[in-house]
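Geometric and topological summary
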Amino acid sequence: MSALSPVLKQATPVLAVRGEGVHLYDETGRAHLDFTAGIGVTSTGHCHPRVVAAAQEQVATLIHGQYTTVMHRPLLTLSERLGEVLPPGLDSLFFVNSGSEAVEAAMRLAKQATGRPNIVVFQGSFHGRTMAAASMTTSATKFRSGYGPLMPGVAVAPFPNAFHYGWDEETATRFALRELDQLLATVTAPADTAAFIVEPVLGEGGYVPASTAFLHGLRERADRHGILLIIDEVQTGFGRTGRFWGHDHFDGRPDIVVTAKGLASGFPLSAIAAPAALMAKAWPGSQGGTYGGNAVACAAAVATLDVIREEKLVENAAERGAQLFAGLREVAAGHPVGEHGGIGDVRGLGLMAGTEFVDADGQPDGATAARVQVAAGERGLLLLTCGAQGQVVRMIPPLVVDSAQIDEGLALWRASVDAVLG
Ligand code: PMP
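Quick summary incoming for the structure in this document. The model shown is predicted, which means the values in this text are computed figures rather than measured ones. (Residues numbered from 1 in each chain as written. Predicted model: local features only at pLDDT ≥ 70, side-chain atom pairs only at ≥ 80, totals over all residues. Heavy atoms only, no water.)

Regarding the side chain of R320
The test is simple: Helix and strand labels come from DSSP, where a helix needs a run of H or I of at least four residues and a strand needs a run of E of at least two; each type is numbered from the N terminus. When accessible area is computed with a 1.4 Å probe and restricted to protein chains, residues below 20% of their type maximum are described as buried, those above 50% as exposed, and intermediate ones as partly exposed. Note on charges: Lys and Arg go in the positive column, Asp and Glu in the negative column, and His and the chain ends are not counted at all. The rule for a salt bridge is simple: a side-chain nitrogen of Lys or Arg has to be within 4 Å of a carboxyl oxygen of Asp or Glu. Each polar contact in these results corresponds to two N or O atoms within 3.5 Å; when the atoms are within protein, one needs to be able to donate a hydrogen and the other to accept it, and residues that are neighboring in sequence are counted only if both atoms are side-chain atoms. We call two residues contacting when some pair of their heavy atoms lies within 4.5 Å.
Looking at the element boundaries, R320 is found in helix 11 (residues 313-333). Of the side chains with opposite charge, E319 lies nearest to the buried R320, which makes no salt bridge, at 4.1 Å. Only 2.7 Å separates the side chain of R320 from the side chain of Q323, close enough to count as a polar contact. R320 has contacts with L351, V401, D402, S403 and I406, leaving out every residue within four places of it along the chain.

Topic: the site of the ligand
The cut-off we apply is this: A single heavy atom is enough: if one lies within 4 Å of a molecule or strand, its residue is considered near that molecule or strand. Accessible surface is estimated by sampling points in the Shrake-Rupley manner with a 1.4 Å probe; for residues, cover comes only from the protein chains shown.
Inspection of the region around the ligand gives S98, G99, S100, F126, H127, G128, E199, E204, D232, V234, Q235 and K261 as its neighbouring residues. In this structure, F126 approaches the ligand through a main-chain N or O atom, which is 3.4 Å from a nitrogen atom. Within the side chain of K261, a nitrogen or oxygen atom sits 3.1 Å from a nitrogen atom of the ligand. Relative to its unbound accessible area of 390 Å², the ligand is 82% covered by the protein chains.

Describing the sheet that holds strand 17 (residues 392-395)
Heads up, the rule is: Each pair of strands is called paired provided DSSP finds at least two bridges between the two strands. Between N-to-C directions, angles cover 0 to 180 degrees, with each direction set by a line fitted to C-alpha atoms, over the stretch in contact for helices.
Pairing within the open sheet is antiparallel, and its four strands lie in the order 13-14-17-16. Looking along the sheet, the strands with just one partner apiece sit at the ends: strand 13 (342-349) and strand 16 (384-386). Across the sheet, the axes of successive neighbouring strands diverge by a mean angle of 30°, strand direction being ignored. In terms of strand pairing, strand 14 (residues 352-358) meets strand 17 through four bridges, oriented antiparallel.

A closer look at the pattern of salt bridges
Enumeration over the complete set of coordinates arrives at 17 salt bridges. R50 serves as the salt-bridge partner of E310, at 2.8 Å between the closest nitrogen and oxygen. Residue E310 is found in helix 10 (residues 295-310), and its partner R50 is found in helix 2 (residues 49-59); the two are separated by 260 residues along the sequence. The exposure class of E310 is partly exposed, given its relative accessible area of 46%. Given the relative accessible area of 36%, R50 is considered partly exposed. Where R219 meets D255, a salt bridge forms, and the shortest distance between an N and an O atom there is 3.0 Å. On the criterion of sequence distance, the pair formed by R219 in helix 8 (residues 212-225) and D255 in the loop between strand 10 (228-232) and strand 11 (256-259) is long-range, its members being 36 residues apart.

Some words on helix 3 (residues 73-82)
Operational definition: Each direction from the helix axis to a C-beta atom contributes to the arc, which is the arc of those directions.
Of the positions making up helix 3, those classed as buried are P74, L75, L78, R81 and L82. When helix 3 is viewed along its axis, its buried side chains cluster within an angular range of 135° and face the same direction. Residues R73 and E80 are exposed on helix 3 and point more than 90 degrees away from its buried face. Looking at the buried residues of helix 3, the elements they touch are helix 2, strand 4 (92-96) and helix 10.

Have a look at this one:
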């Protein structure tokens, strides 16, 4: 008899047997409204017919055309098609399987291209669980603890986390940039700094959007010091925030983009994109892997791009996101922070929405967030938490979600919050 590791935690008790659109179905046939989308992956909805058809056809044609042995058409087609959506100038792609691997590829490229050893990360960011990615992750110690030493050469600067600091966005941004300058003056000299890596919206760190002034500040410093700007769009990319890339909200202008999750509607696929001249500075042999750019995953990604465009999913994310935020703010207004705590903040972008629970002192309240998440699950609304203390309940519905489904989700949310907070 063998079984899954007891350490592997599952946020809901659901045993999913089938997925369709925004719903997952369990063994009893019960439908669950899935506002987790496989942690922001199944943007086209579960088993979108176009994605299913493309993958099925590819499975029957060529499953594994190992890309450092032979080339295959879906990988070429996808590389070409991504040109329609990538930031200007980022015309060269390298594919791997997971967000973590892609983050590591971006880190390797930045170090090899600049010949500099250090990376600056921003407090509260999540970049992955593999060794280098975990070394750059500061969203919670559970990702870093107990197996150090981690990769050296990572310096941590503040993220403009206005709610956390109790400031407005402008003050938080000014503080973050001032501390970044201080870090470059005291910890990692520009000449030793290969890259800044930043999420446009902190994901696992609690759904905290960056700001235009912050990304402008990073760009300006990167240009001034010859530092590369890596934008980790693993969770925020592919329409999730109501623009194609999260950094489109903030005039981000990256040197390297990291993408995964929404890219292939659930097939393991990730990529980095950079200008060809920069990509060519990666050392020979440093890019490869057994499963990278899998043919079925690439075919699914091409279909995903078709669906996003034809069904106007980016626009839908913006519109449904506005509807979702209006509802979440209404629920929050009914539960202001009082002597038993309450909802401290509602924030995010597009269909990436977080509600932060705090105690009477305004401190993160993970226990209450967990109770609300469970209460929602019992009512058939699947949700996840995030934030260092698990204090934020997040909604990441598939981008195909319609207006009635948002209303249904909001009604279940209201009932769940009322049940816990009274
Ligand atoms: N970067 C970000 C911003 C992420 O949200 C994640 C996954 N939550 C990762 C990297 C790591 O991706 P993966 O789990 O596929 O390794």
